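Coordinate inspection notes
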Amino acid sequence: AIVLEMRDNGIQKNDDVRDILNLKLLGTLPKEKNPVARVLSKQRSIYIEEIKRIYIHIVSQDKTKAILFTSARIGEGKTLTALALASYLQSIGKKTIIIDANTIFPRIAQMTEVPQSPGLYELLSGLNTLNDVIAQDENGLSVIPSGVENNFSSDLLIAGRFKKYLEDIKLLYDYVIIDSASALNASDAEILAALSDETVIVAAWGKTPKTILKKSGEILRKSSKTTPYVILNKLPLSELKNT
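Below is a summary of the structure that appears in this document. Being a predicted model, the structure only gives us computed values, none of them experimental. (Residues numbered from 1 in each chain as written. Predicted model: local features only at pLDDT ≥ 70, side-chain atom pairs only at ≥ 80, totals over all residues. Heavy atoms only, no water.)

1. Quick word on unusual backbone geometry
We apply this condition: Helix numbers and strand numbers start at the N terminus; a helix is a DSSP run of H or I with at least 4 residues, a strand a run of E with at least 2.
Residue P118 follows S117 across a cis peptide bond; omega there is 5°. One can find P118 in the loop between α6 (108-112) and α7 (120-124). In this structure, K42 is a non-glycine residue whose phi angle is positive, near 60°. Residue placement: K42 occurs in the loop between α3 (35-41) and α4 (46-59). Of note in this structure, E113 is not a glycine but carries a positive phi near 60°.

In structure tokens, the structure reads:
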């Protein structure tokens, strides 16, 4: 097993996603120091072109509004990828909101420079209304931060309180981007996948072991409404043509 793990250099090709994982490749993103700034600059780049391709594929799917972003483990770049896509959607006139449903390492408030609370915890616990917890970043993107740090947010997700609010949010926005904890670190992603229209697993190119990514896909496939997608992230530019 140790030898097999050492030989597992991670997902590197489209064929790996399809043949080994039996999942669908949604897109490939090159290494980018500041993805959100790149998107908001509106200067043509390989990163923005790849984000556009992801968007084109998303809009080709009927009734896709709520999109869950997760990963196999920490450090794949899922939160930045989710925020980059949300920022792009908002920049082209799509009314978009991003929800920080990561109950382990919430980062959206810090990245968007909005207050940490009130947020999702306060909403689900009945302390605040939906209007109370929606903030906006300086670029007009709507944000529901995670809320005050506590040990009970995950339990509130399990209790099913998120479902009603998500339906209300979908009526108000064109797209709802949800950032979740990594699939192997918490059960949150499984709960949220059952409520979302699409599930996206972000995997760092050549880094995430195939066995780990496959296990995440198997877990999420059980609860997702459709076959989960994979975004290969942090590709060297020279490798984009090979995916």
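Alright, that's what it looks like, and here's the rest.
2. Regarding the side chain of E50
Our working definition: Between two residues, a contact is recorded if the distance between any of their heavy atoms is within 4.5 Å.
Considering the arrangement of structural elements, one finds E50 in helix α4. Leaving out residues up to four positions away in the same chain, E50 has contacts with T28, L29 and P30.

3. Notes on helix α5 (residues 78-91)
Our working rule: A helix is expected to span 1.5 Å multiplied by its residue count minus one. Each residue gets one of three labels from its accessible area relative to the maximum for its type: buried under 20%, exposed over 50%, partly exposed in between, using a 1.4 Å probe on protein chains only.
Under the 1.5 Å per step criterion, the end-to-end length of α5 is 20 Å for 14 residues, consistent within 8% with the ideal 20 Å. Counting buried residues along α5, 11 of its 14 residues qualify, which places the element largely inside the surrounding structure. Every buried residue of α5 is accounted for by K78, T79, T81, A82, L83, A84, L85, A86, S87, Y88 and L89. G93 sits one or two positions beyond α5 and adopts a positive phi of about 95°.

4. Some words on the pairing of strand β1 (residues 24-30)
The side chains of a regular strand alternate between the sheet's two faces. For clarity, the threshold we go by: Should DSSP find at least two bridges between two strands, the strands are regarded as paired.
With 5 of 7 residues buried, β1 lies mostly within the body of the structure. Relative to strand β8 (residues 229-235), β1 is paired through 5 bridges, and the arrangement is parallel. In the strand pairing of β8, T28 is matched with L232.

5. Quick notes on the nonpolar core
Inclusion rule: Only buried residues count toward a nonpolar core, which is a set of Ala, Val, Leu, Ile, Met, Phe, Trp, Tyr and Cys residues joined through side-chain atoms within 4.5 Å.
Counting 37 residues, the largest nonpolar core has I99, L120, I144, F162, I169, V176 and I178 as the members making the most contacts within it. Residue contacts for V176: discarding those within four places in its chain leaves K65, A66, I67, I97, I99, L166, I169 and K170.

6. Remarks on the pattern of salt bridges
Pairs can form between side chains of opposite charge once their charged atoms are near each other. In plain terms, the rule: What counts as a salt bridge is simple: a side-chain nitrogen of Lys or Arg found within 4 Å of a carboxyl oxygen of Asp or Glu.
Evaluated as defined, the whole model comprises 10 salt bridges. Its salt-bridge partner being E50, residue R53 comes within 2.6 Å of it at the nearest N-O pair. On the criterion of helical spacing, the pair formed by R53 and E50 is a turn pair, its members being 3 residues apart in helix α4. Given a relative accessible area of 12%, E50 falls into the buried group. Bridged by salt links that share partners, the residues E167, K170, D197 and K225 form one connected network.

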